Amino acid sequence: MGTLDELLEKNLINEADYYFARHLFTDKIKNSKSELPLLAALISSLNREGHICVDFESLHLLEKAPDIFRTKDIKNIVEKNSEYIGAPGEFKPFIFDGKRIYLHKYFEYENFIISNLSERSRIHYGIGERCAEAFAKDKNDSDVQLNLQNLAVFMGLRNNLSFISGGPGTGKTTTVARLLYYHLLQNKNINIALAAPTGKAAARMGDSLSDSMKRFNLENTTFTDIQTMTIHRLLGYSPYLGGFRYSKSGRKKHHPALLGYDLIVVDEASMIDLSLMFHLLKALPLETKLVFLGDRRQLASVAPGAVFGDICDIENINAFSEQFAGEYRLFSGEGIKETTVKSPMGDNIVELRKSYRYKSDSDIAKAAGMIEKGESSRLKDFLVNHSGTGEGSVRLISHSNLSEFFRENLLQHYIDISKSDDIDKAYKKVFNYQILTPLKRGRFSTESINNYFINALKTYFHLPKLRSYFNGMPVLINKNDYTNRLFNGDLGLIFGEKSAELKICFPSQEDSSFRQFRLKDIYGYEFAYCLTVHKSQGSEFDNVVLVLPEKSDFLSRELIYTAVTRARHSVVIIGNPDILAEAVSVKTTRMSGLREKIHGVTP
Ligand SMILES: Nc1ncnc2c1ncn2[C@@H]1O[C@H](COP(=O)(O)OP(=O)(O)OP(=O)(O)O)[C@@H](O)[C@H]1O
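Numbering of residues starts from 1 in each chain and follows the order in which that chain's sequence is written. Local features are withheld for residues below a pLDDT of 70 in this predicted model, meaning they are given only at 70 or higher, and side-chain atom pairs are given and counted only at 80 or more; totals for whole chains, interfaces and linings count all residues. Computation of side-chain values: all heavy atoms of the structure, hydrogens and water removed.

J.: Before we move on, could you go through the domain arrangement of the protein chain and cite the residues and values that matter?
T.: Each domain of the protein chain was delimited in the assignment, giving domain 1 (4-113), domain 2 (122-356) and domain 3 (363-585). Across the contact, nine residues belong to domain 1 and 12 residues belong to domain 2. The term buried area refers to how much accessible surface (probe radius 1.4 Å) is lost by two components on association, counted for both of them together. For the pair domain 1 and domain 2, the summed buried surface comes to about 940 Å²; carbon and sulfur atoms form 81% of the total. Basic side-chain nitrogens of Lys or Arg form a salt bridge, by our definition, when they fall within 4 Å of a carboxyl oxygen of Asp or Glu. Counting across the interface, domain 1 meets domain 2 through zero salt bridges. Any pair of N or O atoms that falls within 3.5 Å is considered a polar contact. Within protein, one atom must be able to donate a hydrogen and the other to accept it, and sequence-neighbouring residues count only if both atoms are side-chain atoms. Counting the contacts that link domain 1 with domain 2 gives one residue pair in polar contact (both at pLDDT 80 or more). Sort the elements by how many residues they give to the side of domain 1 that touches domain 2 and helix 6 (residues 104-121) lands first, with five residues. By convention here, the domain bounds are inherited from an automatic or database domain assignment. The contact definition used throughout considers only heavy atoms, calling two residues in contact when any of these lie within 4.5 Å. Labels follow the DSSP assignment, with helices taken as runs of H or I lasting at least four residues and strands as runs of E lasting at least two, numbered in each case from the N terminus.

Have a look at this one:
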């Protein structure tokens, strides 16, 4: 593959990459020997796909990599173009770190995140007596040799920085509830914030933590004193400023002070991209205690970077240093067997392994385990030869049965919701089932499936074809709306009791009521009979129906894992078992220097 035009013609880059390269290097474009336009287009295209940089050691895996970067010594290319490609610390459009080339901005972000996290990871605290006493009374009985929830609590008390990873129902929220309780016991005036990348995830964390905290007697402090918000709100995002008020990287007058919290818990951390992590760390003084929660096996953010995954995806997870093990033994009386930590940040990362949501012999637990390990043929055999229904089941049906499945299982469900005159019941019921797909357009996409149900319901209720709205339509907010306090990911329902005007209704975070808006006052939403798997992140549903595309191009192991683990009770997968197996066999990696530079290991 040679020229910019060839790359565009073969759809290996898109027009945005093409014109970015042309714009940046107008004068070089005629010189067919210049590598710079090709480099610009390649980096732009990789950034769009979520990579932070171009890593020349894994370039052979990329079809779109122009031949010139495969055959020539990259160091020669860097030297020849030193006017544009600089070393770390230089102010040039591209930065070469010895192995990878970055756009200047992304190198700066990555570099800052690495040094900031390393600095935070070295800060430890002594644990107060009141905490220790409460922990001793409250700690989970060890049914296993090492109770990882207890250890995660200890980590969050001792360390200034903790990453707690765990699959669905492994007790991340339960652990954080204990952590907050012990912190509040020690100091009831501690300033705590709970944050998540989307409004939905933040609200869910607030609700689950509020439930989990009920079992603690918090004396004069109540859980409602703790603020729950999106990371954007925490950082004072303002569309008028075009950035974050509290991140020091903006214009000086707009960031008056660093955020004054003592402890911040960030949920659904796998959704945080490189830029958001940079702004978050930049806004927080080093003394602020940070606890990140997430599932390292889930899909990474849409924007470049997979920071939580890069940090938590280490070979020797749950192996700790001698010092950490000794302190934990003294504190809890429990022994840590493995003390062969390989990464300097190993004592800051823990993975919870036991799921309390699914029985270990349930189909969802088994399927999620196979997906996570990439056991594609086992998964295929399991699903093809198995047809479970009921609690914890996973079932595979073919595309040819899709219409029948929709008609027999889901159409009546949506008809009942449209007939309902009780918003509370209708809302609970509508999101009882959630259809998911990776695609936005084309066959088996959100667009086609949403249209299918909208048209089928219009036909059933004899509504005019041109009518856009009717009772019981689920919607998803897809843009933050600060005026109405509605956030990307919020799920609502179009509803109007009896003959009342249709409103868009969202459950209130404060009580059990619904916030109602006129249709014309809300913008930035889409219908949500079917959601993309990406948009479903941070939400959970009782029953999930995952519709696969006909090709595996848009699928990945992380996408299938995310979709399957959204379900509490059952999963139906509609698609071809071979396509499913193909998707699960490949683990997605994003090009970045973060993992190697933090842990000292190559991916
Ligand atoms: N050690 C434990 N013993 C018994 N039940 C537990 C324990 N830990 C958690 N649970 C229960 O398991 C369920 C899931 O726990 P929790 O919500 O804390 O997990 P989670 O990892 O935050 O889940 P998710 O993020 O997938 O919603 C809850 O009902 C909780 O009460």
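Now that the structure is up, let's keep going.
J.: Before we move on, can you summarise the packing of helix 15 (residues 363-373) against helix 21 (residues 557-564) with the specific residues and values?
T.: Interaxial angle, 0 to 180 degrees, is taken between N-to-C directions of lines fitted to C-alpha atoms, where a helix line uses only the stretch in contact. At a minimum axis separation of 9 Å, helix 15 and helix 21 run at an interaxial angle of 165°. As summarised for this structure, helix 15 and helix 21 are arranged roughly antiparallel, according to the angle between their axes. Both helix 15 and helix 21 take part in a crossing whose hand is left-handed. Between helix 15 and helix 21, the contacting residues are Ile364, Ala368, Ile371, Glu372 and Lys373 on the first element and Arg557, Ile560, Tyr561 and Val564 on the second. Should an angle fall under 35 degrees it is called roughly parallel, over 145 degrees roughly antiparallel, and 65 to 115 degrees roughly perpendicular, with every other angle called oblique. When the near helix sits turned anticlockwise from the far one by under a right angle, the crossing is termed left-handed; a clockwise turn instead gives a right-handed crossing.

J.: Any chance you could break down the site of the ligand for me, citing the residues and the numbers?
T.: The immediate surroundings of the ligand are formed by 14 residues, with Lys172, Thr173, Thr174, Arg204 and Arg357 found nearest. Between an oxygen atom of the ligand and a main-chain N or O atom of glycine 171, the distance comes to 3.0 Å. A 1.4 Å probe and the Shrake-Rupley method give the accessible areas. Residues count as covered only by the protein chains that appear here. Computed on the free molecule, the ligand has an accessible area of 630 Å², of which 65% lies beneath the protein chains in the complex. Think of it as three bins: nonpolar holds Ala, Val, Leu, Ile, Met, Phe, Trp, Tyr, Cys and Pro, charged holds Asp, Glu, Lys and Arg, and polar takes everything else, Gly as well. Tallied by class, the residues present in the shell around the ligand amount to two nonpolar, eight polar and four charged. Here, proximity means that at least one heavy atom of the residue falls within 4 Å of the molecule or strand.

J.: I'd like a rundown of the UniProt feature "domain: UvrD-like helicase C-terminal" (unreviewed entry) in the protein chain, residues and numbers included.
T.: UniProt positions are given in the numbering used here, feature names are shortened, and annotations may be inferred rather than shown by experiment. The UniProt entry lists residues 527-574 under the feature "domain: UvrD-like helicase C-terminal" (unreviewed entry), expressed in the numbering used here. Structurally, residues 527-574 is divided into 25% helix and 40% strand, and its ends, taken at the C-alpha atoms, are 21 Å apart.

J.: Break down the sheet that holds strand 18 (residues 514-518) for me, citing the residues and quoting the values.
T.: Pairs of strands are assigned from DSSP output, requiring at least two bridges between the strands. Taken in spatial order, the five strands of this open sheet run 18-17-16-15-19, and their pairing is antiparallel. Edge positions in the open sheet fall to strand 18 and strand 19 (525-527), since each of these has one partner strand only. Between one strand axis and the next, the sheet turns through 35° on average, direction left out of account. Pairing analysis gives three bridges linking strand 15 (residues 473-477) to strand 19, with the strands arranged antiparallel. Within strand 19, the residue paired with leucine 476 across the bridge is glutamate 526.

J.: Let's hear about helix 10 (residues 199-213): which residues, and what values?
T.: With 15 residues, helix 10 ought to run about 21 Å at 1.5 Å a step, and its terminal C-alpha atoms sit 21 Å apart, in line with that. Classification of residues uses two cut-offs on accessible area relative to the type maximum, computed with a 1.4 Å probe and protein chains only: under 20% is buried, over 50% is exposed, and between them is partly exposed. Within helix 10, the full set of buried residues consists of Gly199, Ala201, Ala202, Ala203, Met205, Gly206, Leu209, Ser212 and Met213. On the buried face of helix 10, the contacting elements are helix 9 (172-186), strand 6 (192-196), strand 7 (227-230) and strand 10 (263-266). Residue threonine 198 occupies the N-cap position of helix 10, its side-chain oxygen lying 3.1 Å from the main-chain nitrogen of alanine 201. Every helix has an expected span of 1.5 Å times one less than the residues it contains.

J.: Describe the environment of isoleucine 336, naming the residues involved and giving the relevant values.
T.: With respect to the secondary-structure elements, isoleucine 336 resides in the loop between helix 14 (322-332) and strand 12 (349-352). The spacing of isoleucine 336 and glycine 346 is 10 residues in sequence and 14 Å in space, taken between C-alpha atoms.

J.: So what's going on with the sheet that holds strand 21 (residues 541-547)? Which residues, and what values?
T.: Taken in spatial order, the five strands of this open sheet run 13-22-21-14-20, and their pairing is parallel. Because the sheet does not close on itself, it has two edges, and the strands there are strand 13 (393-397) and strand 20 (530-532). Looking at each pair of strands side by side, their axes are set apart by 25° on average, direction ignored. Inspection of the sheet shows strand 14 (residues 433-437) paired to strand 21 by four bridges, in the parallel sense.

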